[in-house]
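Tertiary structure, described
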Amino acid sequence: MEETTAVPVMEPVQLVSVKQEDENEDDDDEEEAGGLAGRFLQLEWEQNTLLRALPPFGDPVSHVYRPLDYAWELHRDFVRRYCRTPKRVLFLGMNPGPFGMAQTGVPFGEAWHVREWLRVAGTVQKPPDEHPKRPVLGLSCHRAEVSGARFWGLIRTLCPDPQLFFRHCFVHNHCPLLFLASSGRNLTPNELPPAQRDRLMALCDRALVRAVGLLGVGLVVGVGRFAEQRARRALASASLSVRIEGLPHPSPRNPRANRGWEELAKARLGELGILELLEEKTGGLEVGRMEPCLSLPTQDQAQGLALREKTEQCLSFPC
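Just so we're clear, the structure is a prediction, and the values are computed from it rather than from any experiment.

In terms of helices and strands, the chain carries 13 helices and 9 strands. Here the chain holds 319 residues, and the buried ones make up 55% of them. Excluding contacts between residues fewer than 6 apart, the proportion of contacts in the chain whose partners are at least 24 apart in sequence is 82%. Of the accessible surface of the chain, which amounts to about 13800 Å², a share of 51% is contributed by carbon and sulfur atoms.

Spelled out as structure tokens, the structure:
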């Protein structure tokens, strides 16, 4: 949930492979829906169903946006495009921002990057109870979310073709809900009353464990301290030994982010071994080969596989 600013509309990015990629996806949408992407969407749908069953959020919350309801079509396209194969690295955000995922259904989903670089498409409906100061405009939103522009801007710099990034990485939010005060101010999950926050976090923690197991993740990178701490707590409670690290949050609320966040984040990705994973000239790390910085002991790999199998057995919603 980030502060935003108005920025000039950028020119579209031209990707040589987009046309062919779109044609391929038109041909195999049905197949992908039943594969890993479909199972991941099913998991998210089940989490969203459980969240809808929670008691209403009281003061200070006046509005709750659920992008996985009204922006499901666009979110589904994002997952089907980029979550076709197991992922070594999961970048984990906190929850939607009003000009990011709340508009597009994509984590850190600043509209320009979603529309022009990720080439995600779909219809975005209106939330049933829309705050007058926070209208949902979908991909037509011209107000940029700073966090999303910084995050996806860095990834685009490192990987001009998004397929290079998503070959081994994916991006997900711990909580899929946006909370607004009566004034329209963003409310982070830790600003909720303790009882409501605890119920919400428990459901989101369990969903995160299932997502990590399903994707076969070996490294979770929490974008910001909140996401990192939730990942540590959730995966430790599940006795799942997955490496967890942190990346400074790109929000302008973070003083460090306003002093060259891109260089700071790039250096951190280098420390974690992720830059090497993204290098186009080497084609990335070979399938089946894990560098020491991203490897899991054999026992931990077995735990991840067991959790993934258990996760797949309990999925039943047809996406």
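Past the structure itself, the notes keep going.
Attention shifts here to the pattern of salt bridges. Taken as a whole and judged by the stated rule, the model has 11 salt bridges. As a salt-bridge pair, R115 and E116 come within 3.0 Å of each other at their nearest N and O atoms. A residue is classified by how much of its surface remains accessible, and R115, at 23% relative accessible area, is partly exposed. Accessibility expressed as a relative area gives 16% for E116, which makes it buried. Residue D205 pairs with R230 through a salt bridge whose shortest N-O separation is 2.5 Å. Of this pair, D205 sits in helix 9 (residues 194-215) while R230 sits in helix 10 (residues 225-237); the two residues are 25 residues apart in sequence, bridging distant segments of the chain. When salt bridges that share partners are traced, they join R243, E245, R268 and E271 into one network.

Ordered by their spatial adjacency, 3 strands build an open sheet running 2-6-7, and the pairing between neighbours is antiparallel. The open sheet has two edge strands, strand 2 (63-65) and strand 7 (186-187), and neither has a second partner. Direction of pairing for strand 6 (residues 178-180) relative to strand 7: antiparallel, over a ladder of 2 bridges. Among the inter-strand pairings, L180 is bridged to a residue of strand 7, identified as N186.

Scoring rules and cut-offs
- Residues numbered from 1 in each chain as written.
- Predicted model: local features only at pLDDT ≥ 70, side-chain atom pairs only at ≥ 80, totals over all residues.
- Heavy atoms only, no water.
- Helix = DSSP H or I, 4+ residues; strand = E, 2+ residues; numbered from the N terminus.
- Buried < 20%, exposed > 50% of the residue type's maximum accessible area, 1.4 Å probe, protein only.
- Contact = heavy atoms within 4.5 Å.
- Areas by Shrake-Rupley, 256 points an atom, 1.4 Å probe, with all protein chains shown as cover.
- Salt bridge = Lys/Arg side-chain N within 4 Å of Asp/Glu carboxyl O.
- Pairing = 2+ DSSP bridges.

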